[in-house]
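Residue-level structure breakdown
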Amino acid sequence: MFTARRMAVVLTVALAVYFVLLAGRGIDLIASGTVVGVLLGAAILVLPVLGVILIVFEWRFGAQTERLARLLDADGEFPDTSGLPRRPSGRVEWDAADAYFAERKQELDEAPEDWRAWFKVAQAYDLAGDRKRGREAMRKAIELQLR
């Protein structure tokens, strides 16, 4: 069974292979010696560099998130969502996710500078399917915890 970490490793390896192949094409174009080939090759070489930068940021974000989860778990505060009703797909039902989010949001309103509250809100956003806001809230939790 694939865990999130294993899937991330598999995808990272696949991207690394793709980046190597892409860089090879860029180098071949630069070696052609034509103006268009050199320009296109240089432009192509930028893509693997950007890809590596993005992968590093994502792995770093994942490691920081995992570190916060371990801290919460060690304190016995990691949110337990196992009791929430789920759809056949495994996702939490919308009404339950909304109610869970409202509780976490109230905790955050009471302690806006507590990284634990931000972590829990991030998880609530994720349960509700709002990954973008969940990631923003997790970044805030990471920032507050590092202070």
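Just above sits the structure.
A brief structural summary. As the structure is a prediction and not an experimental result, all values here were calculated from the model.

To continue, consider the side chain of R104. Within the secondary structure, R104 sits in helix α3 (residues 94-110). The class for R104 is buried, based on a relative accessible area of 11%. With near-sequence residues (within four places) excluded, R104 lies in contact with K120, V121 and A124.

It is the contact of helix α2 (residues 35-74) with helix α5 (residues 131-146), at a shortest axis distance of 10 Å, that shows an interaxial angle of 65°. In terms of orientation, α2 and α5 fall into the roughly perpendicular class. Between α2 and α5 the crossing geometry is left-handed. Where α2 approaches α5, its residues E58, F61, Q64, T65, R67, L68 and L71 are matched on the opposing element by R135, M138, R139, A141, I142, Q145 and L146. Of the residues that constitute the contact of α2 with α5, the class distribution is seven nonpolar, three polar and four charged.

Further remarks concern the nonpolar core. If you look at the biggest cluster of nonpolar residues, it comprises 25 residues, and the most contacted ones within it are L68, F119, M138 and A141. Of all the secondary-structure elements, those providing two or more residues to this core are α2, α3, α4 (115-127) and α5. The element contributing the most residues to this core is α4, with nine residues. Setting aside chain neighbours within four positions, we find A141 in contact with L68, W115, W118 and F119.

The rules behind the values
Residues numbered from 1 in each chain as written. Predicted model: local features only at pLDDT ≥ 70, side-chain atom pairs only at ≥ 80, totals over all residues. Heavy atoms only, no water. Helix = DSSP H or I, 4+ residues; strand = E, 2+ residues; numbered from the N terminus. Buried < 20%, exposed > 50% of the residue type's maximum accessible area, 1.4 Å probe, protein only. Contact = heavy atoms within 4.5 Å. Axes fitted to C-alpha atoms, helices over the stretch in contact; angles between N-to-C directions. Parallel < 35°, antiparallel > 145°, perpendicular 65-115°, else oblique. Left-handed = near helix turned anticlockwise from the far one by under 90°. Nonpolar A, V, L, I, M, F, W, Y, C, P; charged D, E, K, R; others polar. Core = buried A, V, L, I, M, F, W, Y, C linked by side-chain atoms within 4.5 Å.

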